[in-house]
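Reading the structure
Read off the chains here:
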Amino acid sequence: MSENSFRSVVSVVLGVAALALIATGAVVLGQRLSSTGEVDQSGYAPPLSLSGVSRGTPFDASVEPDYGSVAASPAEAVRRYLDGEFEGDHVKSFGQLTLADRRAIGTADDWDVTADERPTLRSYRLVEVGRDRVRADVEVVPAVNEIDGVSPAAATIEFAIRHEDGGSRISLTDTTFTPHYPDHILATASAVSWVDAAQQCDADVRSGLEYEGNLLGTFGLAESLCGVTGDPKVSATGSLDSLNDPSVVLNAFGEQAAVWSQVVSIEGVTGVPPLDVVLAPFGDHWVVIGALSSINQTPSGQPIQAGYTGRP
């Protein structure tokens, strides 16, 4: 999985291909379930298609290790795959892939080296199984950072099955990954709370509403709100393309930021021009990743002043 968002969200895909789920029919629970309850799976983002795995070391089928007998069914192939990823047995998970995928990846060692780029599985639920495609819901450890981009807390994965060697194997190349993000209305509430915390000069509350990296956007904006009066009001909400120049976010998080980010425009703070708060989904809520003042954006899309706001 790799670009900027998992190392891109197709990174989300390839990596979550490592989260590969395949079900056994009707509704069946997987072997690994979280103790904290299930993540809300109702919010979908657009599905992503795996563009294929990147080439590793030259492939020589004659020296492949013995992966054991091929899985007798799609469900068995996925259970083996998921259990291998869960247990850190990457030879086991690699052995469930099609010959074409194994050729593209290179070796099980190449697959093992990229394991830390794949999402960490918390639980999975096998939802629907067909002869050639299997669908499952999964919970993973959520993340928001400039290396991996955004890893959702929940997703639906449809794995493609190929029938090889007298059994079933997983084709990552034709697998799709659909992330689930929290309701957009929660982003609005988080943005207003963040501005209010900045006005109250409450660094602890503000920090809890932000991601763990440096805030993107207009330099010193959060600090400039400290002690300023006025009630912040939402004037508009939208996607990243609502900004005159979204490059500061795209450069940091990659092109997939245009898919998962939300922009909340806020006005009403005394003496402060309208500002745009940019947020990312993190688990079941939204966190602020950047803020831009309207005076620092021109109609041409070139920011007058942009950078890291830092933290007090």
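Scroll up a little and you will see the structure.
Reading the values: the criteria
- The residue numbers shown here count from 1 along each chain, following its written sequence.
- The model is predicted, so local features are restricted to residues of pLDDT at least 70 and side-chain atom pairs to those at 80 or more, both for listing and for counting; the totals for chains, interfaces and linings are taken over all residues.
- Side-chain metrics in this entry use all non-hydrogen atoms of the structure; hydrogen atoms and water are not considered.
- Helix and strand definitions follow DSSP, with helices as H or I runs of at least four residues and strands as E runs of at least two, each counted in order from the N terminus.
- How far a helix is expected to stretch is found by multiplying one less than its residue total by 1.5 Å.
- Only protein chains enter the area calculation, which uses a 1.4 Å probe; residues under 20% of their type maximum are buried, those over 50% are exposed, and those in between are partly exposed.
- Definition used in this section: a nonpolar core is a set of buried Ala, Val, Leu, Ile, Met, Phe, Trp, Tyr and Cys residues joined via side-chain atoms within 4.5 Å.
- Contacts are assigned to residue pairs with any non-hydrogen atoms lying within 4.5 Å of each other.
- Working definition: a disulfide is two cysteine sulfur atoms within 2.5 Å of each other.

**A short note on helix H2 (residues 74-87)**
- Helix length check: H2 (14 residues) gives 20 Å between terminal C-alpha atoms against 20 Å at 1.5 Å per residue, within 8%.
- Counting buried residues in H2 gives 10 out of 14 residues, a clear majority hidden from the surface.
- Residues of H2 that are buried include every one of Pro74, Ala75, Ala77, Val78, Arg80, Tyr81, Leu82, Asp83, Gly84 and Glu85, and no others.
- Phi turns positive, to about 75°, at Gly88, one or two residues after H2.

**A look at the nonpolar core**
- In terms of nonpolar packing, the biggest core is built from 39 residues, with Trp194, Val249, Phe253, Val277 and Ile289 touching the most fellow members.
- When near neighbours in sequence (up to four residues on either side) are disregarded, Ile289 contacts Val144, Tyr211, Asn214, Leu215, Leu216, Val249, Phe253, Trp260, Val278, Leu279 and Ala280.
- Counting 25 residues, the second-largest nonpolar core is a separate cluster that includes Ala77, Leu97, Val134 and Ala155.

**Topic: the state of the cysteines**
- Counted under the stated rule, the structure contains 1 disulfide.
- Note on cysteine connectivity: Cys201 is disulfide-linked to Cys226, with sulfurs 1.9 Å apart. An S-S torsion of about 110° defines the bridge between Cys201 and Cys226 as right-handed. With Cys201 in the loop between helix H6 (184-199) and helix H7 (203-208) and Cys226 in the loop between helix H8 (221-224) and strand E10 (233-238), this residue pair connects regions lying 25 residues apart in the sequence.
- Residue Cys226 is classed as partly exposed on the basis of its relative accessible area of 39%.

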